[in-house]
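Close look at the chain arrangement
Read off the chains here:
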Amino acid sequence: MSKIIKTPVGALQVPDVVTLPFIAGDGVGREITPAMQHVVDAAVSAAYGGGRRIEWMEVLAGERAFQETGSWLPEATMAAFKEYLVGIKGPLTTPVGGGIRSLNVALRQTLDLYVCQRPVRWFQGIVSPVKDPSKVDMCIFRENTEDIYAGIEWESGTPEAKKFYQFLHDEMGVAKVRFPETSSFGVKPVSREGTERLVRAACQYALDHGLPSVTLVHKGNIMKFTEGGFKKWGYELAEREFGEAIASGRLVVKDCIADAFLQNALLMPEDYSVIATLNLNGDYISDMLAAMVGGIGIAPGANINYVTGSAIFEATHGTAPAIAGKNVVNPCSLILSAVMMLEFLGWKEAAARITAALEQSFAAGRATADLARFMPGGVALTTSDFAAELVERIKK
(Lines give C-alpha, C1' and ligand atoms only; values in the text may rest on other atoms or scores of the structure.)
Protein backbone atom coordinates (compact mmCIF):
# COMPACT_ATOMS: atom_id res chain seq x y z
CA MET A 1 0.00 0.00 0.00
CA SER A 2 1.52 3.32 -1.13
CA LYS A 3 0.75 6.24 1.18
CA ILE A 4 0.69 9.99 0.68
CA ILE A 5 3.09 11.82 2.98
CA LYS A 6 2.86 15.41 4.19
CA THR A 7 6.39 16.85 3.97
CA PRO A 8 7.87 19.21 6.58
CA VAL A 9 7.42 22.17 4.20
CA GLY A 10 3.71 21.41 3.94
CA ALA A 11 3.54 19.81 0.50
CA LEU A 12 2.00 16.44 -0.29
CA GLN A 13 4.39 13.75 -1.48
CA VAL A 14 2.28 11.49 -3.71
CA PRO A 15 3.70 8.19 -4.98
CA ASP A 16 3.09 7.16 -8.59
CA VAL A 17 1.05 4.21 -7.37
CA VAL A 18 -1.11 5.64 -4.60
CA THR A 19 -3.61 3.93 -2.31
CA LEU A 20 -6.82 5.87 -1.80
CA PRO A 21 -9.55 4.73 0.61
CA PHE A 22 -13.10 5.10 -0.66
CA ILE A 23 -16.62 4.67 0.70
CA ALA A 24 -18.96 3.48 -2.02
CA GLY A 25 -21.93 4.93 -0.16
CA ASP A 26 -25.56 3.95 0.24
CA GLY A 27 -28.40 4.06 -2.26
CA VAL A 28 -27.16 5.43 -5.58
CA GLY A 29 -23.63 5.51 -4.16
CA ARG A 30 -23.22 1.91 -5.28
CA GLU A 31 -23.75 3.04 -8.89
CA ILE A 32 -21.95 6.37 -9.05
CA THR A 33 -18.81 5.14 -7.26
CA PRO A 34 -17.85 2.45 -9.80
CA ALA A 35 -18.73 4.90 -12.60
CA MET A 36 -16.38 7.46 -11.07
CA GLN A 37 -13.59 4.92 -10.63
CA HIS A 38 -13.94 3.76 -14.26
CA VAL A 39 -13.57 7.35 -15.49
CA VAL A 40 -10.72 8.24 -13.13
CA ASP A 41 -8.72 5.10 -13.94
CA ALA A 42 -9.07 5.83 -17.66
CA ALA A 43 -7.94 9.44 -17.23
CA VAL A 44 -4.91 8.51 -15.11
CA SER A 45 -3.89 5.81 -17.59
CA ALA A 46 -4.30 8.11 -20.60
CA ALA A 47 -2.52 11.05 -18.97
CA TYR A 48 0.51 9.14 -17.69
CA GLY A 49 0.74 6.13 -20.01
CA GLY A 50 0.58 3.65 -17.14
CA GLY A 51 3.24 5.48 -15.13
CA ARG A 52 0.75 6.39 -12.42
CA ARG A 53 -2.08 4.41 -10.94
CA ILE A 54 -4.62 4.44 -8.11
CA GLU A 55 -5.07 1.44 -5.84
CA TRP A 56 -8.65 1.73 -4.57
CA MET A 57 -9.13 0.53 -0.99
CA GLU A 58 -12.75 0.16 0.08
CA VAL A 59 -13.72 1.09 3.64
CA LEU A 60 -17.20 1.02 5.16
CA ALA A 61 -19.60 3.61 6.52
CA GLY A 62 -23.34 4.12 6.54
CA GLU A 63 -26.06 1.53 6.14
CA ARG A 64 -23.83 -1.21 4.72
CA ALA A 65 -21.32 -0.72 7.52
CA PHE A 66 -24.08 -1.04 10.11
CA GLN A 67 -25.38 -4.23 8.51
CA GLU A 68 -21.93 -5.82 8.33
CA THR A 69 -20.24 -4.54 11.49
CA GLY A 70 -22.95 -3.12 13.74
CA SER A 71 -21.36 0.34 13.51
CA TRP A 72 -22.42 3.20 11.27
CA LEU A 73 -18.86 4.50 11.18
CA PRO A 74 -16.30 1.80 12.09
CA GLU A 75 -13.01 2.79 13.69
CA ALA A 76 -11.18 1.04 10.85
CA THR A 77 -12.66 3.54 8.42
CA MET A 78 -11.49 6.52 10.45
CA ALA A 79 -8.07 4.92 10.83
CA ALA A 80 -7.78 4.44 7.06
CA PHE A 81 -8.53 8.07 6.27
CA LYS A 82 -6.07 9.21 8.95
CA GLU A 83 -3.34 6.91 7.62
CA TYR A 84 -3.76 7.49 3.89
CA LEU A 85 -4.73 11.20 4.17
CA VAL A 86 -6.80 11.49 0.98
CA GLY A 87 -9.96 9.60 0.02
CA ILE A 88 -13.37 9.89 -1.58
CA LYS A 89 -16.91 8.91 -0.61
CA GLY A 90 -20.37 8.45 -2.03
CA PRO A 91 -23.55 9.64 -0.28
CA LEU A 92 -24.36 8.08 3.10
CA THR A 93 -27.57 7.29 4.94
CA THR A 94 -27.86 9.06 8.28
CA PRO A 95 -29.67 6.89 10.85
CA VAL A 96 -33.14 8.06 11.89
CA GLY A 97 -34.13 8.01 15.54
CA GLY A 98 -30.72 7.10 16.94
CA GLY A 99 -27.09 6.43 16.16
CA ILE A 100 -24.73 9.06 14.81
CA ARG A 101 -26.21 12.56 14.40
CA SER A 102 -24.71 12.85 10.90
CA LEU A 103 -22.06 10.62 9.35
CA ASN A 104 -20.77 13.46 7.20
CA VAL A 105 -20.47 15.80 10.18
CA ALA A 106 -18.78 13.04 12.22
CA LEU A 107 -16.14 12.52 9.52
CA ARG A 108 -15.50 16.26 9.20
CA GLN A 109 -15.22 16.90 12.91
CA THR A 110 -13.24 13.79 13.85
CA LEU A 111 -10.66 14.41 11.12
CA ASP A 112 -10.87 18.20 11.65
CA LEU A 113 -11.62 18.80 7.97
CA TYR A 114 -12.27 22.46 8.57
CA VAL A 115 -12.81 23.55 4.93
CA CYS A 116 -15.84 22.44 2.96
CA GLN A 117 -14.71 23.45 -0.52
CA ARG A 118 -17.35 23.73 -3.25
CA PRO A 119 -16.32 25.03 -6.68
CA VAL A 120 -19.26 26.09 -8.85
CA ARG A 121 -19.05 26.62 -12.62
CA TRP A 122 -21.27 26.25 -15.65
CA PHE A 123 -20.78 23.75 -18.47
CA GLN A 124 -21.95 24.71 -21.96
CA GLY A 125 -24.98 22.63 -22.86
CA ILE A 126 -26.38 22.46 -19.32
CA VAL A 127 -29.72 24.25 -19.04
CA SER A 128 -29.79 26.80 -16.21
CA PRO A 129 -32.62 28.85 -14.67
CA VAL A 130 -30.52 32.05 -14.85
CA LYS A 131 -30.06 34.27 -17.90
CA ASP A 132 -26.28 33.97 -18.24
CA PRO A 133 -24.86 31.10 -16.17
CA SER A 134 -21.44 31.54 -17.81
CA LYS A 135 -20.86 34.39 -15.34
CA VAL A 136 -21.10 31.98 -12.39
CA ASP A 137 -17.60 30.81 -11.49
CA MET A 138 -16.97 30.73 -7.74
CA CYS A 139 -15.30 28.57 -5.13
CA ILE A 140 -16.91 28.45 -1.71
CA PHE A 141 -14.83 27.94 1.44
CA ARG A 142 -17.40 26.95 4.06
CA GLU A 143 -16.20 26.59 7.64
CA ASN A 144 -16.88 22.99 8.52
CA THR A 145 -16.51 22.46 12.27
CA GLU A 146 -18.15 25.36 14.14
CA ASP A 147 -21.37 27.41 14.00
CA ILE A 148 -24.78 25.77 14.49
CA TYR A 149 -23.46 22.58 12.88
CA ALA A 150 -21.35 21.93 15.96
CA GLY A 151 -24.53 20.26 17.22
CA ILE A 152 -24.68 21.90 20.65
CA GLU A 153 -28.40 22.04 21.34
CA TRP A 154 -31.10 20.94 23.75
CA GLU A 155 -34.64 19.88 22.94
CA SER A 156 -37.69 21.72 24.24
CA GLY A 157 -39.13 20.25 27.42
CA THR A 158 -36.01 18.38 28.52
CA PRO A 159 -34.29 18.93 31.87
CA GLU A 160 -31.20 20.09 29.94
CA ALA A 161 -33.15 22.80 28.11
CA LYS A 162 -34.68 23.98 31.40
CA LYS A 163 -31.28 24.04 33.09
CA PHE A 164 -29.74 25.94 30.18
CA TYR A 165 -32.50 28.56 30.26
CA GLN A 166 -32.16 28.96 34.02
CA PHE A 167 -28.45 29.63 33.55
CA LEU A 168 -29.15 32.20 30.83
CA HIS A 169 -31.82 33.91 32.90
CA ASP A 170 -30.40 33.70 36.40
CA GLU A 171 -26.64 33.91 35.79
CA MET A 172 -26.39 35.87 32.52
CA GLY A 173 -29.42 38.14 32.87
CA VAL A 174 -30.96 37.09 29.55
CA ALA A 175 -34.58 38.25 29.34
CA LYS A 176 -35.14 37.98 25.59
CA VAL A 177 -36.43 34.42 25.36
CA ARG A 178 -40.08 34.92 24.42
CA PHE A 179 -41.44 31.46 25.32
CA PRO A 180 -38.88 29.79 27.60
CA GLU A 181 -41.06 26.85 28.63
CA THR A 182 -41.39 25.57 25.07
CA SER A 183 -38.08 26.74 23.58
CA SER A 184 -35.31 24.53 22.31
CA PHE A 185 -31.82 26.02 22.53
CA GLY A 186 -28.72 25.89 20.37
CA VAL A 187 -25.25 27.33 20.84
CA LYS A 188 -23.33 28.88 17.93
CA PRO A 189 -19.57 28.75 18.61
CA VAL A 190 -17.40 30.85 16.28
CA SER A 191 -13.72 31.19 17.18
CA ARG A 192 -10.87 33.40 16.05
CA GLU A 193 -8.74 30.31 15.32
CA GLY A 194 -11.48 28.65 13.27
CA THR A 195 -12.06 31.85 11.31
CA GLU A 196 -8.38 32.50 10.67
CA ARG A 197 -7.53 29.07 9.30
CA LEU A 198 -10.53 29.17 6.94
CA VAL A 199 -9.79 32.67 5.63
CA ARG A 200 -6.09 31.82 5.32
CA ALA A 201 -6.96 28.83 3.13
CA ALA A 202 -9.35 30.92 1.01
CA CYS A 203 -6.82 33.72 0.46
CA GLN A 204 -4.04 31.28 -0.42
CA TYR A 205 -6.34 29.45 -2.84
CA ALA A 206 -7.23 32.74 -4.56
CA LEU A 207 -3.55 33.64 -5.00
CA ASP A 208 -2.53 30.14 -6.13
CA HIS A 209 -5.26 30.13 -8.80
CA GLY A 210 -4.92 33.75 -9.92
CA LEU A 211 -8.38 34.69 -8.66
CA PRO A 212 -9.03 38.36 -7.91
CA SER A 213 -10.98 38.42 -4.67
CA VAL A 214 -12.09 36.76 -1.44
CA THR A 215 -15.49 37.78 -0.09
CA LEU A 216 -16.29 37.24 3.59
CA VAL A 217 -20.02 36.44 3.71
CA HIS A 218 -21.61 36.90 7.16
CA LYS A 219 -24.61 38.14 9.11
CA GLY A 220 -22.54 40.34 11.42
CA ASN A 221 -25.07 43.18 11.37
CA ILE A 222 -27.31 41.05 13.63
CA MET A 223 -25.02 38.42 15.22
CA LYS A 224 -22.33 40.93 16.11
CA PHE A 225 -19.96 38.75 18.13
CA THR A 226 -20.18 35.47 16.20
CA GLU A 227 -20.67 36.38 12.54
CA GLY A 228 -19.39 39.88 13.26
CA GLY A 229 -16.33 38.29 14.83
CA PHE A 230 -15.87 36.20 11.68
CA LYS A 231 -15.77 39.37 9.58
CA LYS A 232 -13.43 41.20 11.99
CA TRP A 233 -10.99 38.32 12.45
CA GLY A 234 -11.07 37.53 8.73
CA TYR A 235 -10.02 41.04 7.77
CA GLU A 236 -7.32 41.09 10.46
CA LEU A 237 -5.87 37.78 9.23
CA ALA A 238 -5.91 38.97 5.62
CA GLU A 239 -4.12 42.22 6.45
CA ARG A 240 -1.56 40.48 8.67
CA GLU A 241 -0.65 37.56 6.42
CA PHE A 242 -1.58 38.76 2.91
CA GLY A 243 -0.97 42.48 3.25
CA GLU A 244 1.61 42.58 0.44
CA ALA A 245 -0.73 40.85 -2.03
CA ILE A 246 -3.55 43.21 -1.04
CA ALA A 247 -1.34 46.29 -1.35
CA SER A 248 -0.11 45.22 -4.80
CA GLY A 249 -3.63 44.61 -6.04
CA ARG A 250 -3.14 40.87 -6.56
CA LEU A 251 -5.83 40.18 -3.98
CA VAL A 252 -8.94 42.04 -2.90
CA VAL A 253 -10.60 41.06 0.38
CA LYS A 254 -14.14 42.35 0.87
CA ASP A 255 -17.30 41.36 2.73
CA CYS A 256 -21.02 41.10 2.15
CA ILE A 257 -24.05 40.53 4.39
CA ALA A 258 -25.38 37.02 3.72
CA ASP A 259 -28.87 37.98 2.51
CA ALA A 260 -27.46 40.69 0.24
CA PHE A 261 -24.97 38.18 -1.15
CA LEU A 262 -27.74 35.78 -2.14
CA GLN A 263 -29.33 38.59 -4.16
CA ASN A 264 -26.05 39.86 -5.59
CA ALA A 265 -24.98 36.38 -6.67
CA LEU A 266 -28.08 36.21 -8.87
CA LEU A 267 -27.80 39.75 -10.25
CA MET A 268 -24.02 40.12 -10.68
CA PRO A 269 -22.25 36.78 -10.08
CA GLU A 270 -19.19 38.00 -11.99
CA ASP A 271 -18.30 40.19 -8.99
CA TYR A 272 -17.37 37.16 -6.88
CA SER A 273 -14.67 34.49 -7.15
CA VAL A 274 -13.72 32.97 -3.76
CA ILE A 275 -16.28 33.00 -0.95
CA ALA A 276 -15.29 32.46 2.70
CA THR A 277 -18.22 31.97 5.03
CA LEU A 278 -19.55 30.22 8.11
CA ASN A 279 -21.09 26.77 8.20
CA LEU A 280 -24.82 27.51 7.93
CA ASN A 281 -24.42 30.34 5.42
CA GLY A 282 -22.20 28.09 3.34
CA ASP A 283 -24.86 25.38 3.22
CA TYR A 284 -27.44 27.77 1.76
CA ILE A 285 -24.99 29.49 -0.59
CA SER A 286 -23.56 26.25 -1.98
CA ASP A 287 -26.95 24.87 -3.01
CA MET A 288 -28.18 28.15 -4.48
CA LEU A 289 -25.09 28.56 -6.63
CA ALA A 290 -25.31 24.92 -7.71
CA ALA A 291 -28.90 25.51 -8.85
CA MET A 292 -27.71 28.48 -10.92
CA VAL A 293 -25.47 26.24 -13.03
CA GLY A 294 -27.80 23.27 -13.43
CA GLY A 295 -28.31 21.65 -10.04
CA ILE A 296 -26.61 19.71 -7.30
CA GLY A 297 -26.10 16.77 -9.65
CA ILE A 298 -23.08 18.55 -11.13
CA ALA A 299 -21.86 20.13 -7.88
CA PRO A 300 -18.61 18.66 -6.50
CA GLY A 301 -17.33 18.99 -2.96
CA ALA A 302 -14.39 18.34 -0.67
CA ASN A 303 -13.65 18.42 3.05
CA ILE A 304 -10.04 19.47 3.61
CA ASN A 305 -7.54 20.20 6.37
CA TYR A 306 -4.84 22.22 4.64
CA VAL A 307 -2.51 21.88 7.63
CA THR A 308 -2.47 18.08 7.94
CA GLY A 309 -3.14 17.35 4.26
CA SER A 310 -6.19 15.22 5.10
CA ALA A 311 -9.04 15.43 2.59
CA ILE A 312 -12.23 13.55 1.77
CA PHE A 313 -13.86 14.33 -1.55
CA GLU A 314 -17.57 13.57 -1.84
CA ALA A 315 -20.78 13.59 -3.79
CA THR A 316 -22.78 16.56 -2.54
CA HIS A 317 -26.21 14.98 -3.03
CA GLY A 318 -28.05 12.34 -1.03
CA THR A 319 -28.61 8.62 -1.43
CA ALA A 320 -31.75 9.03 -3.64
CA PRO A 321 -33.34 5.69 -2.66
CA ALA A 322 -36.23 6.20 -5.13
CA ILE A 323 -33.90 5.72 -8.11
CA ALA A 324 -31.23 3.50 -6.51
CA GLY A 325 -30.45 0.41 -8.56
CA LYS A 326 -32.13 1.73 -11.73
CA ASN A 327 -28.92 2.80 -13.52
CA VAL A 328 -30.28 6.31 -14.14
CA VAL A 329 -28.51 8.42 -11.50
CA ASN A 330 -26.23 11.26 -12.56
CA PRO A 331 -22.64 10.45 -11.43
CA CYS A 332 -21.24 13.91 -12.23
CA SER A 333 -21.09 15.24 -8.67
CA LEU A 334 -18.79 12.40 -7.63
CA ILE A 335 -16.84 12.48 -10.91
CA LEU A 336 -16.21 16.22 -10.54
CA SER A 337 -15.25 15.66 -6.89
CA ALA A 338 -12.70 13.15 -8.19
CA VAL A 339 -11.41 15.89 -10.53
CA MET A 340 -10.87 18.03 -7.43
CA MET A 341 -9.09 15.09 -5.78
CA LEU A 342 -6.74 14.62 -8.73
CA GLU A 343 -5.93 18.33 -8.71
CA PHE A 344 -5.28 18.16 -4.96
CA LEU A 345 -2.83 15.30 -5.60
CA GLY A 346 -1.09 17.34 -8.27
CA TRP A 347 -2.30 15.03 -11.07
CA LYS A 348 -3.69 17.94 -13.06
CA GLU A 349 -3.26 16.33 -16.48
CA ALA A 350 -5.64 13.51 -15.57
CA ALA A 351 -8.09 15.97 -14.04
CA ALA A 352 -8.08 18.07 -17.21
CA ARG A 353 -8.92 15.05 -19.38
CA ILE A 354 -12.04 14.30 -17.34
CA THR A 355 -13.16 17.93 -17.45
CA ALA A 356 -12.66 18.06 -21.21
CA ALA A 357 -14.66 14.84 -21.69
CA LEU A 358 -17.53 16.26 -19.63
CA GLU A 359 -17.47 19.51 -21.62
CA GLN A 360 -17.63 17.58 -24.89
CA SER A 361 -20.49 15.35 -23.75
CA PHE A 362 -22.60 18.19 -22.39
CA ALA A 363 -22.00 20.34 -25.49
CA ALA A 364 -23.22 17.39 -27.59
CA GLY A 365 -26.37 17.11 -25.48
CA ARG A 366 -25.43 13.70 -24.10
CA ALA A 367 -25.97 13.21 -20.37
CA THR A 368 -28.03 11.29 -17.85
CA ALA A 369 -31.79 11.86 -18.00
CA ASP A 370 -31.93 14.54 -15.28
CA LEU A 371 -29.83 16.84 -17.47
CA ALA A 372 -30.61 15.56 -20.98
CA ARG A 373 -34.36 16.15 -20.64
CA PHE A 374 -33.78 19.92 -20.61
CA MET A 375 -31.22 19.98 -23.44
CA PRO A 376 -32.46 20.74 -26.98
CA GLY A 377 -32.16 17.38 -28.71
CA GLY A 378 -30.68 15.88 -25.56
CA VAL A 379 -29.89 12.18 -25.46
CA ALA A 380 -30.50 10.47 -22.12
CA LEU A 381 -27.85 7.91 -21.18
CA THR A 382 -27.81 5.43 -18.33
CA THR A 383 -25.30 5.89 -15.54
CA SER A 384 -23.01 3.18 -16.88
CA ASP A 385 -23.35 4.29 -20.52
CA PHE A 386 -22.54 7.89 -19.60
CA ALA A 387 -19.40 6.75 -17.76
CA ALA A 388 -18.43 4.56 -20.74
CA GLU A 389 -18.87 7.52 -23.09
CA LEU A 390 -16.61 9.68 -20.93
CA VAL A 391 -13.99 6.94 -20.98
CA GLU A 392 -14.09 6.78 -24.77
CA ARG A 393 -13.71 10.56 -25.04
CA ILE A 394 -10.78 10.43 -22.59
CA LYS A 395 -9.03 7.77 -24.65
CA LYS A 396 -9.36 9.89 -27.80
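Structural data are supplied above this passage.
Within any chain, residue numbers begin from 1 and follow the written order of that chain's sequence. pLDDT decides what is reported in this predicted model: residues at 70 or higher carry local features, side-chain atom pairs at 80 or more are listed and counted, and totals for whole chains, interfaces and linings draw on all residues regardless. Where side-chain values are given, they derive from all heavy atoms of the structure, hydrogens and water being excluded.

**Some thoughts on a nonpolar patch on the surface**
- There is a patch of nonpolar side chains on the surface, built from Leu-266, Leu-267 and Met-268 and spanning about 290 Å² of accessible area.
- Strands are runs of DSSP state E lasting at least 2 residues, helices are runs of H or I lasting at least 4, and numbering of each runs from the N terminus. Tracing the chain through its elements places Leu-267 in helix 8 (residues 258–267). Patch rule: a residue counts if its relative accessible area is over 30% and it has no salt bridge; like charges are joined within 9 Å, and nonpolar side chains (Val, Leu, Ile, Met, Phe, Trp, Tyr) within 5 Å. All accessible-area figures derive from a Shrake-Rupley calculation using a 1.4 Å probe, and residue coverage is judged against the displayed protein chains alone. Counted as salt bridges are all cases of a side-chain nitrogen of Lys or Arg within 4 Å of a carboxyl oxygen of Asp or Glu.

**A few points about the sheet that holds strand 5 (residues 86–89)**
- Here, strands pair whenever DSSP counts at least two bridges between them. Taken together, ten strands build an open sheet; the order of strands is 4-3-5-14-13-6-7-12-10-11 and the sheet is mixed. Two strands bound the open sheet, and with one partner strand each, they are strand 4 (53–58) and strand 11 (252–257). Across the sheet, the axes of successive neighbouring strands diverge by a mean angle of 25 degrees, strand direction being ignored.
- In this structure, strand 10 (residues 213–218) lies alongside strand 11, joined through six bridges in parallel fashion. Axis definition: a line fitted to C-alpha atoms, limited for helices to the stretch in contact. Angles are taken between N-to-C directions and run from 0 to 180 degrees.

**Observations concerning the packing of aromatic side chains**
- Here a pair means two rings of Phe, Tyr or Trp (six-membered ring of Trp) with centres within 6.5 Å. Their orientation is stacked below 30 degrees between planes, edge-to-face above 60, and tilted elsewhere. Applying the stated criterion across every chain yields a total of 13 aromatic pairs.
- Relative to Phe-344, the ring of Tyr-306 has its centre 6.4 Å away and its plane inclined at 70 degrees; by these criteria the two rings are edge-to-face. One end of the pair, Tyr-306, is in the loop between strand 13 (300–304) and strand 14 (311–315); the other, Phe-344, is in helix 10 (residues 332–345), and 38 residues separate them in sequence.
- Accessible area is worked out with a 1.4 Å probe on protein chains only. A residue is then buried under 20% of its type maximum, exposed over 50%, and partly exposed in between. Given the relative accessible area of 31%, Tyr-306 is considered partly exposed.
- Taken together, a centroid distance of 6.2 Å and an interplanar angle of 20 degrees make the contact between Phe-362 and Phe-386 stacked. Of this pair, Phe-362 sits in helix 11 (residues 348–363) while Phe-386 sits in helix 13 (residues 383–395), placing them 24 residues apart in sequence. Of the two residues examined, Phe-362 and Phe-386, each falls in the buried class.
- For the cation-ring pair, Arg-121 lies above Phe-123, with the distance from its terminal atom to the ring centre recorded as 3.8 Å.
- The lysine or arginine in question, Arg-142, covers the ring of Tyr-149, its NZ or CZ lying 5.0 Å from the ring centre. Charge-over-ring contacts are defined here by two conditions on Lys NZ or Arg CZ: a distance within 6 Å of the ring centre and an angle within 35 degrees of the ring normal.

**Side note on the pattern of salt bridges**
- Under the definition given, this model contains 22 salt bridges.
- The residue Arg-52 makes a salt bridge to Asp-16 at a minimum N-O spacing of 3.5 Å. Placement of Arg-52 in the loop between helix 1 (29–48) and strand 4 and of Asp-16 in the loop between strand 2 (12–13) and strand 3 (17–23) is noted, with a sequence separation of 36 residues between them.
- Here Arg-52 falls in the partly exposed class, since its relative accessible area comes to 25%.
- Members of the salt-bridge network, linked through shared partners, are Glu-58, Arg-64 and Glu-68.

**Observations regarding the environment of Asn-264**
- Take Asn-264: it is sitting in helix 8.
- Take Asn-264: its relative accessible area is 14%, and that puts it in the buried class.
- Not counting residues within four places of it along the chain, the set of residues in contact with Asn-264 comprises Cys-256, Pro-269 and Tyr-272.
- We define a polar contact as two N or O atoms separated by no more than 3.5 Å, with the added condition that, inside protein, one atom must be a possible hydrogen donor and the other a possible acceptor, whereas residues neighbouring each other in sequence contribute only through side-chain atom pairs. Side-chain polar atoms of Asn-264 contact the side chain of Tyr-272, separated by 3.1 Å. It only takes one pair of heavy atoms within 4.5 Å for two residues to be counted as in contact.

**Regarding helix 7 (residues 227–248)**
- Most pronounced at Phe-242, the bend in helix 7 amounts to some 90 degrees.
- Buried residues belonging to helix 7 abut helix 6 (192–208), strand 10, strand 11, strand 12 (274–277) and helix 9 (279–292).
- Following helix 7 by one or two positions, Gly-249 adopts a phi angle in the positive range, close to 90 degrees. What is called the bend at a residue is the angle between a pair of axes, fitted to the seven residues leading up to and ending at it and to the seven starting from it.

**Remarks on the nonpolar core**
- Only buried residues count toward a nonpolar core. Its members are Ala, Val, Leu, Ile, Met, Phe, Trp, Tyr and Cys residues joined through side-chain atoms within 4.5 Å. Counting 72 residues, the largest nonpolar core has Phe-261, Leu-289, Leu-342, Trp-347, Ile-354, Leu-358 and Phe-362 as the members making the most contacts within it.
- Those residues in contact with Leu-358, other than ones at most four positions away along the chain, are Phe-123, Cys-332, Ile-335, Leu-336, Phe-386 and Leu-390.
- Judged by nonpolar contacts, the second largest core, of 25 residues, contains Phe-141, Leu-198, Ala-201 and Leu-278.

**Points about the pairing of strand 7 (residues 137–143)**
- Burial analysis of strand 7 places six of its seven residues in the buried class, the great majority of the element.
- Where strand 6 (residues 115–121) meets strand 7, seven bridges bridge the pair, whose relative direction is antiparallel. In the sheet register, Pro-119 faces strand 7, and the bridge partner there is Cys-139.
- Relative to strand 12, strand 7 is paired through four bridges, and the arrangement is parallel.

**Quick look at the side chain of Glu-143**
- Inspection of the secondary structure puts Glu-143 in strand 7.
- Of the buried charged residues, Glu-143 lacks a salt bridge, with Arg-197 as the closest side chain of opposite charge at 4.6 Å.
- Within polar-contact distance, the side chain of Glu-143 engages the backbone nitrogen of Glu-146 at 2.7 Å.
- With near-sequence residues (within four places) excluded, Glu-143 lies in contact with Tyr-114, Gly-194, Leu-198, Thr-277, Leu-278 and Asn-279. Charge convention: Lys and Arg are scored as positive, Asp and Glu as negative, and His as well as the terminal groups of each chain are ignored.

**What about the packing of helix 10 against helix 11?**
- As a packed pair, helix 10 and helix 11 sit with axes 7 Å apart at the nearest point and diverge in direction by 150 degrees. Overall, the two elements helix 10 and helix 11 adopt an arrangement that is roughly antiparallel. Between helix 10 and helix 11 lies a crossing of left-handed hand. Residues Cys-332, Ile-335, Leu-336, Val-339, Leu-342 and Glu-343 of helix 10 pack against Lys-348, Ala-350, Ala-351, Ile-354, Thr-355, Leu-358 and Phe-362 of helix 11. Roughly parallel means an angle under 35 degrees; roughly antiparallel, over 145; roughly perpendicular, 65 to 115; everything else is oblique. A clockwise turn of the near helix away from the far one marks a right-handed crossing, whereas an anticlockwise turn of less than a right angle marks a left-handed crossing.

**Looking at the packing of helix 6 against helix 7**
- Interhelical geometry of helix 6 versus helix 7 gives an angle of 40 degrees and a closest axis separation of 9 Å. Of the possible angle classes, the one that applies to helix 6 and helix 7 is oblique. Helix-helix and strand crossings are classified by hand; for helix 6 and helix 7 the assignment is right-handed. Together, Arg-192, Thr-195, Glu-196, Leu-198, Val-199, Arg-200, Cys-203, Gln-204 and Leu-207 of helix 6 and Phe-230, Lys-232, Trp-233, Gly-234, Glu-236, Leu-237, Ala-238, Arg-240, Glu-241, Phe-242 and Ala-245 of helix 7 make up the contact between the two elements.

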